[in-house]
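Residue-level listing of the chains:
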Amino acid sequence: MSSDRIQTEFEFVLPRGLIDAQGGVHRQGVMRLATAKDEMCVQKDRGVQDNPAYGVLVMLSRVITCIGTVTEVTPTLLEGLFSRDLAYLREFYNRINQEGEAYIPVQCPQCNRQFQVELSLSGEF
């Protein structure tokens, strides 16, 4: 029996951060891989049917499991994101769902050794 595991959750750090009702800033979060059910729920959402652009917020609210101490992530909550953070989350979503992981293969130019490096997006350091 194989012990291969698929990584389904990925940590991220927002470039600016989500500001909660008390003024607290939340930058670190976790996003899980999207499922077929997520895709179907987005298509069925009334807000998305009225405004297809809203689909991004609906999908992100389904796959983001937390941002800082906020564990109930809703489209309405995500409406408060700064544009830079929304762009970052869209890019992060695409990378983990289309690449399958947040690591890229690299090769050392000096010794030619091959290894993997964790993909770092604009908000991370």
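Model, not experiment: these values are computed from the prediction. Sequence positions are assigned chain by chain, starting from 1 and proceeding in written order. Local features in this predicted model are restricted to residues of pLDDT 70 or higher, and side-chain atom pairs are both shown and tallied only at a pLDDT of 80 or more, whereas totals for entire chains, interfaces and linings draw on every residue. Computation of side-chain values covers all heavy atoms of the structure but excludes hydrogens and water.

What follows is about the overall build of the chain. Strands here are runs of E lasting at least two residues and helices are runs of H or I lasting at least four, both read from the DSSP assignment and numbered beginning at the N terminus. Within the chain one finds five helices and five strands. From first element to last, N terminus to C terminus, the chain shows the α and β order β-β-α-α-α-β-α-α-β-β. Each residue's exposure class comes from its accessible area (1.4 Å probe, protein chains only) as a fraction of the maximum for that residue type: buried when under 20%, exposed when over 50%, partly exposed otherwise. A total of 125 residues make up the chain; the buried ones form 33% of that total. A separation of at least 24 residues holds for 54% of the contacts in the chain among residues at least 6 apart in sequence. Element-wise, carbon and sulfur atoms account for 49% of the exposed surface of the chain, whose accessible area totals about 8400 Å². We call two residues in contact when some of their heavy atoms are within 4.5 Å. Surface accessibility follows the Shrake-Rupley procedure with a 1.4 Å probe radius. Residue values consider only the protein chains on display as shielding.

Between 30 and 60 degrees the pair is tilted, below 30 it is stacked and above 60 it is edge-to-face, where a pair is any two Phe, Tyr or Trp rings, Trp via its six-membered ring, whose centres lie within 6.5 Å. By the definition in use, this model includes three aromatic pairs. Seen from their ring centres, Tyr88 and Phe92 are 6.0 Å apart, and the 20° between their planes marks the pair as stacked. With Tyr88 and Phe92 both in helix 5 (residues 83–99) and four residues apart, the pair spans about one turn of that helix. When its relative accessible area of 4% is taken as the criterion, Phe92 is described as buried.

Inspection of the secondary structure puts His26 in strand 2 (residues 25–32). Take His26: its relative accessible area is 9%, and that puts it in the buried class. Two N or O atoms form a polar contact when they lie within 3.5 Å of each other; inside protein one atom must be a possible hydrogen donor and the other a possible acceptor, and for residues adjacent in sequence the pair counts only when both atoms belong to side chains. A distance of 2.7 Å separates the side chain of His26 from the side chain of Asp20, its partner in a polar contact. At 3.4 Å, the side chain of His26 and the backbone nitrogen of Thr69 are in polar contact. Leave out the neighbours within four places in its chain, and His26 touches Leu14, Gly17, Leu18, Asp20, Ile67, Gly68, Thr69 and Val70.

Any Lys or Arg side-chain nitrogen located within 4 Å of an Asp or Glu carboxyl oxygen qualifies as a salt bridge. Scanning the entire structure with this criterion turns up three salt bridges. Residue Glu91 is joined to Arg95 by a salt bridge in which the shortest nitrogen-to-oxygen separation is 2.8 Å. With a gap of four residues between them, Glu91 and Arg95 both fall in helix 5, about one helical turn apart. Linked through salt bridges whose partners overlap, the residues forming this network are Arg32, Asp38 and Arg62.

A pair of strands is considered paired only if DSSP assigns at least 2 bridges between the two. Reading across from one edge, 1-2-3 is the order of the three strands in this open sheet, with antiparallel pairing throughout. Either end of the sheet is taken by a strand with one partner, and the two such strands are strand 1 (9–19) and strand 3 (64–67). With direction set aside, neighbouring strand axes in the sheet form an average angle of 25°. Here three bridges tie strand 2 to strand 3, and the two strands are oriented antiparallel to one another. Axes here mean lines fitted to C-alpha atoms, for a helix over just the part in contact, with angles spanning 0 to 180 degrees between N-to-C directions.

The next subject is the environment of Lys44. Checked against the element boundaries, Lys44 lands in helix 1 (residues 36–44). Taking the relative accessible area as the measure of exposure, Lys44 reaches 62% and is therefore exposed.

Our next topic: the environment of Gly68. Mapped onto the secondary structure, Gly68 falls in the loop between strand 3 and helix 4 (75–78). Classification of Gly68 by relative accessible area gives partly exposed; the value is 35%. Remark: the alpha-carbon pair of Gly68 and His26, spanning 42 residues in sequence, is separated by 4.7 Å. Other than its neighbours up to four places away in sequence, Gly68 contacts His26, Gln28 and Gly29.

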